[in-house]
Amino acid sequence: ERISRELKGQVAIELRAASRESITLANSVIDSSLSWVGWLLVFLAAAIVACTVATGMLAARSIAAPVGHLVGVARAIMHGKARRRAHPDLAGDFRELAAAFNRMVDASQQAEERLQIANDSLELKVQARTVELWRANKALREESEQRAKAGEAVRRHEAGGDEIGDGGAIVV
């Protein structure tokens, strides 16, 4: 019985020591696992940030390049390059906007051409009317000069210096 007690005591001590070692080993395994999980989380967070930045840059580029193209075309037209058009292939996702922009520029040019034609037609009408007025003015001056000469001839005749010819014309 004493041996049994000693044996039980010895087994209890060894069990406690083995328990402590198991707990220490388990804690060590848990600590290393937690460290590995922590690094994995840091790596995943960095990867997510990198993917987000790359996606943002790609999205910005896919918007900025087509909008930049449309702005460039608008500036060229504004500076007198009226034949410049937006290329749908360069407009990316903004193809419909580029097509609408081109239709707007075409409509504006057609309206300008019609206005120029109307202006040219009006200019021709003004020139024709100016010629008519110049001729009428010339005829009136000539008639006025003839009347002035006739009036002068009548005054001289009445003063007794001139003769009146056949048909009642005054000879100067």
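Right above here is the structure, for reference.
A. Highlighting a nonpolar patch on the surface. Taken together, the side chains of Trp 36, Val 37, Leu 40, Leu 41, Phe 43 and Leu 44 make up a nonpolar region of the molecular surface, amounting to roughly 620 Å² of accessible area. Along the chain, the position of Val 37 falls in helix H1 (residues 2-78).

B. Highlighting the side chain of His 69. Within the fold, His 69 resides in helix H1. Looking at His 69, its side chain comes within polar contact range of the main-chain nitrogen of His 87, at 2.9 Å. When near neighbours in sequence (up to four residues on either side) are disregarded, His 69 contacts Ala 86, His 87 and Leu 90.

C. Here's a closer look at the environment of Gly 68. Looking at where Gly 68 falls in the secondary structure, it is placed in helix H1. Residues Gly 68 and Ala 91, spaced 23 residues apart in sequence, show a C-alpha to C-alpha distance of 8.9 Å.

D. Expanded view of the pattern of salt bridges. A complete count under the given rule lists six salt bridges for this structure. Note that Glu 152 and Arg 155 form a salt bridge whose closest N and O atoms lie 3.3 Å from each other. Here the residue Glu 152 and the residue Arg 155 both occupy positions in helix H2 (residues 95-159), the gap between them amounting to three residues, near one helical turn. Judged by its relative accessible area of 35%, Glu 152 is partly exposed. Between Arg 156 and Glu 152 there is a salt bridge, and its shortest N-O distance comes to 3.8 Å. In this pair, Arg 156 and Glu 152 both sit in helix H2, four residues apart, roughly one turn of the helix. Ionic contacts of the salt-bridge type, sharing partners, join the residues Glu 152, Arg 155 and Arg 156 into one network.

E. Broad picture of H2. Spanning 65 residues, H2 covers 94 Å between terminal C-alpha atoms, matching the ideal 96 Å at 1.5 Å per step. Along H2, the residues that are buried comprise Ala 98, Phe 101, Asn 102, Val 105, Gln 109 and Ala 153.

About the cut-offs
- Residues numbered from 1 in each chain as written.
- Predicted model: local features only at pLDDT ≥ 70, side-chain atom pairs only at ≥ 80, totals over all residues.
- Heavy atoms only, no water.
- Patch = residues over 30% accessible without salt bridge, like charges linked within 9 Å, V, L, I, M, F, W, Y side chains within 5 Å.
- Areas by Shrake-Rupley, 256 points an atom, 1.4 Å probe, with all protein chains shown as cover.
- Salt bridge = Lys/Arg side-chain N within 4 Å of Asp/Glu carboxyl O.
- Helix = DSSP H or I, 4+ residues; strand = E, 2+ residues; numbered from the N terminus.
- Polar contact = N/O pair within 3.5 Å; in protein donor to acceptor, adjacent residues only side chain to side chain.
- Contact = heavy atoms within 4.5 Å.
- Buried < 20%, exposed > 50% of the residue type's maximum accessible area, 1.4 Å probe, protein only.
- Expected span 1.5 Å × (residues − 1).

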